[in-house]
Amino acid sequence: MTSVADVSESNLVDEARVTPVVRRSKVDRAYRAVATLSGSVVFVVMALIGGFLLYRGIDALRISGWGFITESQWAPDMGGAFGIAAVLPYTVSIALVALFLAVPISVATALFITEYAPRRLRRFLTATIDLLAAVPSLIYGLWGLFYLQPRLITLSKWLADNLGFIPFFEVNEDFGTSLGVFPSSTFVAGVIVSLMVIPICTSVMREVFGQAPPGEREGAMALGGTRWGVVRDVVLPFGRGGIIGGSMLGLGRALGETIAVTLIISPSFDAKWSIVEQGSNSIAALIALKFSESTETGISALMAAGLALFVITLIVNTAASSVVNRSRSGSATEI
Amino acid sequence: MTDLQITTPIPTVASSTAVLADDTRGAAGLTANNVACWFGTKKVLEGVCLDMAPGQVTALIGPSGCGKSTFLRTLNRMHELVPGATLGGEILINGVDIYRGAIPVTDVRRRIGMVVQKPNPFPAMTVAENVVSGLKLSGMKVTKSERDDLIESCLSKAGLWNEVKNRLGDPGRALSGGQQQRLCIARSLAVSPQVLLMDEPCSALDPTSTRRIEQTISEISESVTIVIVSHNMQQAQRVSDRCAFFLAAENEPGRIIEESPTKDIFTNPRDSRTEDYVNGRFG
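Predicted model only: the values in this text are computed from it and were never measured.

Some details on the overall build of chain A
Moving on, step 1. Counting its secondary structure elements, chain A contains 12 helices and 0 strands.
Moving on, step 2. When the helices and strands of chain A are placed in sequence order, the string is α-α-α-α-α-α-α-α-α-α-α-α.
Moving on, step 3. Taken over the C-alpha trace, chain A has a radius of gyration of 27 Å; the compact-globule value for 335 residues is 20 Å, which it surpasses by more than 25%.
Moving on, step 4. Sorting the 335 residues of chain A into buried and exposed places 42% on the buried side.
Moving on, step 5. Across chain A, every contact between residues at least 6 apart in sequence was considered, and the portion connecting residues at least 24 apart equals 74%.
Moving on, step 6. For chain A, the accessible surface area stands at approximately 18200 Å², while carbon and sulfur atoms represent 66% of it.
Moving on, step 7. Here chain A contributes 24 positively and 24 negatively charged side chains, and the mean placements of these two sets differ by 10 Å.

Structure follows, in structure tokens:
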């Protein structure tokens, strides 16, 4: 304690601004060091991956130049042209088909769990969905190939027959629309991938919907709101960030999904609009299929394709996180 | 969420067909008969009988934890939203039981509105949208001009119109705390409730806002029955026509100790505990 007299005497002290000195305890310093180190590992790994892909892919990029983006064929081993003009659109369309199916189903499932399901069922459902996320993708691929695909192509045929005027569902007339032209398509691969994406999206959305402020919920109920009214006016506006965040996590998974897609598709290097017709591709599947049989240039080209996938995933996630951060529930869904 | 059990056998009430259409408009009477409440196995309220007459202001007073808020929440079926919450007894609006299916639960809550302690305007909505949010929530349709009239009249009744008439497009959360609470009152009035429940509506507000809201209460009390929980004895004295004093002995459920016209409870209480409480000797 300083008395009034002390203060007046100490008036002589230089009144220049003080930088407060923080003296941290040893424990605090040690913990700080460990936390900082762990935190920076994320950036280091990110940079290492990007750097590695660039370093290994640069030779192929030098050979192909801009052709890497515009060329659709893939023949680096025979000294031919190669590029991602077909593989990349296929990759994106498989992911989009997957999200187109997964997002509405996930939103509805998450709403059912948080808003409608009785408590016991809620716990059971949550556990089951988390379990679905743990099933290896190879299993999804096998099940999709042998069980789902033969049944799914009937739907493909229906889409082609009835909605064939839309380019996505158009099938080359030369083949007619026998069931034989529908397996191994973007659509089938997308459906399988959507099954893998649903648990991830649902988990994030359920988490966020569950955090909708109870005060607002009650306010809506107290006005005579119906369950649907509460969902529409309170839960969904609050959960917007979670819906976007969950979808983006799913998109990341869908873009990179390898083994299931490799099993389903029959590789095609001619870009087309149709998603139901046989023949599709993805960067991850391309790498998995070609890796063991490629020459040096071929490997380098695959690395460059991997780099393209890496960059696209980064761009998508950065764009999404800027949307998510601006929403109220954003803090709950770091992506 | 619907774990509600009616645990006390009750004589059957008049069927809904006997309800006149007029009964759903204008201030309504609310009657609690032998109401008891549980959270899980813990009984928090028992034997509550209270008549809340049409167009009157009834204040529920008592120390914290005596069950007044719980009781208030049974009056528009918000109590049952708490997992594990159950209730016994009956609550009647204009003589019709609200718990036994004669009236759909959304209608119960529309006819018996509620304003809670902490203002809770919908953040995704503008001031104007907040006022008419109850219509959308309960699926009522109005024309554009009806909507505009409703916004103006409800904001006027809540004493907020002059302050916000040029800010109707602002987000509800942009208003001050006291304005937000009046916005919540306006929002409740927009679905034309017959009863308005208020759970310590001024406890988060400054004295000026409090006075403004008390004024609002006295202005709207002709057309809507008001039940208000208050910790503030002066406020209860100023705004209410009748008072009910709740008290819970240690480890016992809360009950009503005394219920009389406000004047009597403050000047001439029958029970010594009431006298001690209203004179600030405990609580």
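Picking up where we left off.
Brief notes about the layout of surface pockets
Residues and elements named next belong to chain A.
Moving on, step 1. By volume, the largest pocket is sized at about 460 Å³.
Moving on, step 2. Lining of the largest pocket is provided by 19 residues; of these, Ser93, Leu96, Val97, Phe168 and Ile275 occupy positions nearest its centre.
Moving on, step 3. For the lining of the largest pocket, the secondary structure elements donating two or more residues are α4 (87-116), α6 (137-163) and α7 (186-209).
Moving on, step 4. Broken down by element, the residue count for the lining of the largest pocket peaks at 7 residues, all from α4.
Moving on, step 5. For the lining of the largest pocket, a count of residues per class yields 15 nonpolar, 3 polar and 1 charged.

Concerning the packing of α7 of chain A against helix α9 (residues 227-256) of chain A
Residues and elements named next belong to chain A.
Moving on, step 1. Running from amino to carboxyl end, α7 crosses α9 at an angle of 150 degrees, the nearest separation of the two axes being 8 Å. Between α7 and α9, the crossing angle belongs to the class labelled roughly antiparallel. Considering how the two elements wind past one another, α7 and α9 form a crossing that is right-handed. Listed contacts from α9 to Val193, Met196, Val197, Ile200, Cys201, Val204, Met205, Val208 and Phe209 of α7 are Val235, Leu236, Phe238, Gly239, Gly242, Ile243, Gly246, Ser247, Leu249, Gly250, Arg253 and Ala254.

Overview of the packing of aromatic side chains
Moving on, step 1. Within the structure shown, the criterion is met by 7 aromatic pairs over all chains.
Moving on, step 2. Ring centres 6.2 Å apart and planes at 75 degrees place the aromatic pair Phe68 of chain A and Phe82 of chain A in the edge-to-face group. With Phe68 of chain A in helix α3 (residues 67-70) and Phe82 of chain A in the loop between α3 and α4, this pair connects stretches of sequence that are 14 residues apart. Phe82 of chain A shares its class with Phe68 of chain A; the two are buried.
Moving on, step 3. Judged by centre distance (6.1 Å) and plane angle (65 degrees), the rings of Phe168 of chain A and Trp273 of chain A are edge-to-face. In this pair, Phe168 of chain A sits in the loop between α6 and α7 while Trp273 of chain A sits in the loop between α10 (259-264) and α11 (283-290), placing the two residues 105 residues apart along the sequence.
Moving on, step 4. Taken together, the ring pairs in this structure connect Phe68, Trp74 and Phe82 of chain A into an aromatic cluster.
Moving on, step 5. Against the face of Tyr147 of chain A rests Arg151 of chain A, its NZ or CZ located 4.0 Å from the ring centre.
Moving on, step 6. In this arrangement the basic side chain of Arg187 of chain B is found over the ring face of Phe122 of chain B, its NZ or CZ atom lying 4.5 Å from the centre.

What to know about the nonpolar core
Across soluble globular proteins, you tend to see nonpolar side chains buried next to one another.
Moving on, step 1. If you look at the biggest cluster of nonpolar residues, it comprises 65 residues, and the most contacted ones within it are Trp74, Phe187, Phe209 and Val276 of chain A.
Moving on, step 2. Elements represented by at least two residues in this core include exactly α4, α6, α7, α9, α10, α11 and α12 (296-325) of chain A.
Moving on, step 3. In terms of residues, this core owes the most to one element, α7 of chain A, which gives 13 residues.
Moving on, step 4. Every residue in contact with Phe187 of chain A, bar those within four places of it in the chain, is listed here: Val97, Leu152, Leu155, Ser156, Leu159, Ile275 and Val276 of chain A.
Moving on, step 5. One finds Ala59, Cys154, Leu196 and Val239 of chain B within the second-largest nonpolar core, a separate group that totals 44 residues.

Examining helix α7 (residues 177-189) of chain B
All names here are of chain B.
Moving on, step 1. Its 13 residues place the ends of α7 19 Å apart at the C-alpha level, agreeing with the 18 Å of an ideal helix rising 1.5 Å per residue.
Moving on, step 2. Counting buried positions along α7 gives 12 out of 13 residues, so the element sits mostly inside the fold.
Moving on, step 3. Those residues of α7 that sit buried are Gly178, Gln179, Gln180, Gln181, Arg182, Leu183, Cys184, Ile185, Ala186, Arg187, Ser188 and Leu189.

Focus on the state of the cysteines
All names here are of chain B.
Moving on, step 1. Scanning the model with the defined rule gives 0 disulfides over all chains in all.
Moving on, step 2. Cysteine Cys49 remains unbridged, with the sulfur of Cys37 as its closest cysteine sulfur at 13 Å.
Moving on, step 3. The cysteine Cys202 is free of any disulfide, with Cys184 supplying the nearest cysteine sulfur at 12 Å.
Moving on, step 4. By relative accessible area, which is 8% here, Cys202 ends up buried.

Some points on the confidence of the model for chain A
Residue and element names in this part refer to chain A.
Moving on, step 1. Here chain A averages 88 in pLDDT, while 92% of its residues score no lower than 70.
Moving on, step 2. Ranking the elements of chain A by mean pLDDT puts helix α1 (residues 4-9) last with 52 and α4 first with 95.
Moving on, step 3. Across residues 331-335, confidence stays below pLDDT 50; counting only partners more than four residues off in sequence or on other chains, it has 14 contacts.

Focus on the side chain of Thr186 of chain A
Residues and elements named next belong to chain A.
Moving on, step 1. The residue Thr186 is located in helix α7 in this model.
Moving on, step 2. Of the residues examined, Thr186 reaches a relative accessible area of 1% and is grouped as buried.
Moving on, step 3. At 3.0 Å, the side chain of Thr186 forms a polar contact with the side chain of Ser280.

Regarding the side chain of Ser247 of chain A
Moving on, step 1. Looking at where Ser247 of chain A falls in the secondary structure, it is placed in helix α9.
Moving on, step 2. For Ser247 of chain A, the side chain forms a polar contact with the main-chain oxygen of Ile243 of chain A, separated by 2.6 Å.

Looking at the sheet that holds strand β4 (residues 85-93) of chain B
Moving on, step 1. Pairing is antiparallel across the open sheet formed by 4 strands, whose spatial order is β2-β1-β4-β5 (chain B). For this open sheet the edge positions go to β2 (42-52) and β5 (96-97) of chain B, each flanked by a neighbour on one side alone.

A word on the environment of Ala271 of chain A
Residues and elements named next belong to chain A.
Moving on, step 1. You can see Ala271 is positioned in the loop between α10 and α11.
Moving on, step 2. Through-space distance from the C-alpha of Ala271 to that of Glu257 is 20 Å; in sequence the pair is 14 residues apart.
Moving on, step 3. The residues contacting Ala271, other than those within four sequence positions of it, are Ala85, Ala86 and Tyr90.

Quick word on the interface of chain B and chain A
Moving on, step 1. Taken residue by residue, the interface counts 29 residues in chain B and 20 residues in chain A.
Moving on, step 2. Summing both partners gives a buried area of about 1900 Å² for chain B against chain A, and 60% of it is carried by carbon and sulfur.
Moving on, step 3. One can count 3 salt bridges joining chain B with chain A.
Moving on, step 4. A salt bridge links Glu216 of chain A to Arg173 of chain B, with the nearest nitrogen and oxygen atoms 3.3 Å apart.
Moving on, step 5. One can count 6 residue pairs in polar contact (both at pLDDT 80 or more) joining chain B with chain A.
Moving on, step 6. For the side of chain B that touches chain A, the secondary structure elements donating two or more residues are α2 (105-111), β6 (112-115), α4 (133-137) and α7 of chain B.
Moving on, step 7. If you tally residues by element for the side of chain B that touches chain A, the top one is α4 of chain B, at 4 residues.

Definitions and cut-offs
Residues numbered from 1 in each chain as written. Chains lettered and ligands numbered in written order. Predicted model: local features only at pLDDT ≥ 70, side-chain atom pairs only at ≥ 80, totals over all residues. Heavy atoms only, no water. Helix = DSSP H or I, 4+ residues; strand = E, 2+ residues; numbered from the N terminus. Rg over C-alpha atoms; globule rule 2.2 N^0.38 Å. Buried < 20%, exposed > 50% of the residue type's maximum accessible area, 1.4 Å probe, protein only. Contact = heavy atoms within 4.5 Å. Areas by Shrake-Rupley, 256 points an atom, 1.4 Å probe, with all protein chains shown as cover. Lys, Arg positive; Asp, Glu negative; His and termini not counted. Charge placed at Lys NZ, Arg CZ, Asp CG, Glu CD. 1 Å grid on protein atoms, 1.4 Å probe; cavity = no way out; pocket = protein on both sides within 12 Å on 5 of 7 lines; lining within 4 Å. Points joined across faces, edges and corners; volume = space filled by probe spheres on them. Nonpolar A, V, L, I, M, F, W, Y, C, P; charged D, E, K, R; others polar. Axes fitted to C-alpha atoms, helices over the stretch in contact; angles between N-to-C directions. Parallel < 35°, antiparallel > 145°, perpendicular 65-115°, else oblique. Left-handed = near helix turned anticlockwise from the far one by under 90°. Phe/Tyr/Trp six-rings, centres within 6.5 Å; stacked < 30°, edge-to-face > 60°. Lys NZ or Arg CZ within 6 Å of the ring centre and 35° of its normal. Core = buried A, V, L, I, M, F, W, Y, C linked by side-chain atoms within 4.5 Å. Expected span 1.5 Å × (residues − 1). Disulfide = S-S within 2.5 Å. pLDDT = per-residue confidence, 0-100. Polar contact = N/O pair within 3.5 Å; in protein donor to acceptor, adjacent residues only side chain to side chain. Pairing = 2+ DSSP bridges. Buried area = accessible area lost by both parts, 1.4 Å probe. Salt bridge = Lys/Arg side-chain N within 4 Å of Asp/Glu carboxyl O.

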